[in-house]
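# A structural walkthrough
Listed here are the chains, written in short residue letters.
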Amino acid sequence: MRLNLSPKTERYVLIQGQDQDAGIAIMARPALSEVLEEAKADAAMLGFVDDLRAMEASDDHDITPALLKAKGKFGLLFTKAIARLVIEGWDGVEDPDGSVAPVTPDRVDAFLDIPVIYDAFTAQYLSRWLTVQTEKKGSAPSPNGTSAAARNTAVPAGRPARSARSGKTARKV
């Protein structure tokens, strides 16, 4: 993981343009820990989190369609909360009259209501920052799901241990 000491707004291309079309891109600041914590405290999240915890704590330990739907909604609300905090500008986003759409919380929500945009935002932007959050917990990213790509931190073993004695031994007091 590379530590970035000057977190600044970066451009993320969500959908590549074709020929003269520039596509759709956002200018967003990094979703660092402060942003993630602020998103968790978003007004839309607070009441929903309590409901989700109650569903998970119920005596019914089966994964129900209602629980799956609730977890999906949680992901959507969390993603929108982060997007409202980090998106500072965009290219290729227009209002119905054809003018450049200003970045406002309601427009960011409408932007992410488009399924292909939501998928691109989570893949191109959000997954990068969530991966950074998991790496802070000590796990190294690996392309095949094992720790084979992680750097070995164990000290090599010294000489092999002696074999145990064979036969009977006296009982120690």
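One structure accompanies this document, and this report is about it. Please read all numbers here as calculations on a predicted model, not as lab measurements.

## Quick look at the environment of R11
- Take R11: it is sitting in strand β1 (residues 10–16).
- On the basis of relative accessible area, R11 is assigned to the partly exposed category, the value being 46%.
- In the structure, R11 is positioned 18 residues away from R29 in sequence and 8.8 Å away in space, judged by C-alpha atoms.
- Those residues in contact with R11, other than ones at most four positions away along the chain, are A25, I26, M27 and D91.
- Side chain to side chain, R11 and D91 meet in a polar contact 2.9 Å long.

## Let's talk about helix α1 (residues 33–40)
- Among the residues of α1, V35, L36 and A39 are the ones counted as buried. Within α1, the buried residues cover an arc of 100 degrees as seen down the axis, which keeps them to one side.

## Details of the sheet that holds strand β3 (residues 87–91)
- Across the sheet, 3 strands lie side by side as β1-β2-β3; this open sheet has antiparallel pairing. Two strands close off the open sheet at either side, each with one partner strand: β1 and β3. Recorded for the sheet is a direction-independent mean angle of 20 degrees between the axes of neighbouring strands.
- Inspection of the sheet shows β1 paired to strand β2 (residues 23–28) by 6 bridges, in the antiparallel sense. Bridge pairing links R11 to M27 in β2.
- Each of β1, β2 and β3 is contacted by helix α4 (residues 105–112), which is oriented at about 55 degrees to β3, the strand it contacts most.

The rules behind the values
- Residues numbered from 1 in each chain as written.
- Predicted model: local features only at pLDDT ≥ 70, side-chain atom pairs only at ≥ 80, totals over all residues.
- Heavy atoms only, no water.
- Helix = DSSP H or I, 4+ residues; strand = E, 2+ residues; numbered from the N terminus.
- Buried < 20%, exposed > 50% of the residue type's maximum accessible area, 1.4 Å probe, protein only.
- Contact = heavy atoms within 4.5 Å.
- Polar contact = N/O pair within 3.5 Å; in protein donor to acceptor, adjacent residues only side chain to side chain.
- Arc of directions from axis to C-beta.
- Pairing = 2+ DSSP bridges.
- Axes fitted to C-alpha atoms, helices over the stretch in contact; angles between N-to-C directions.

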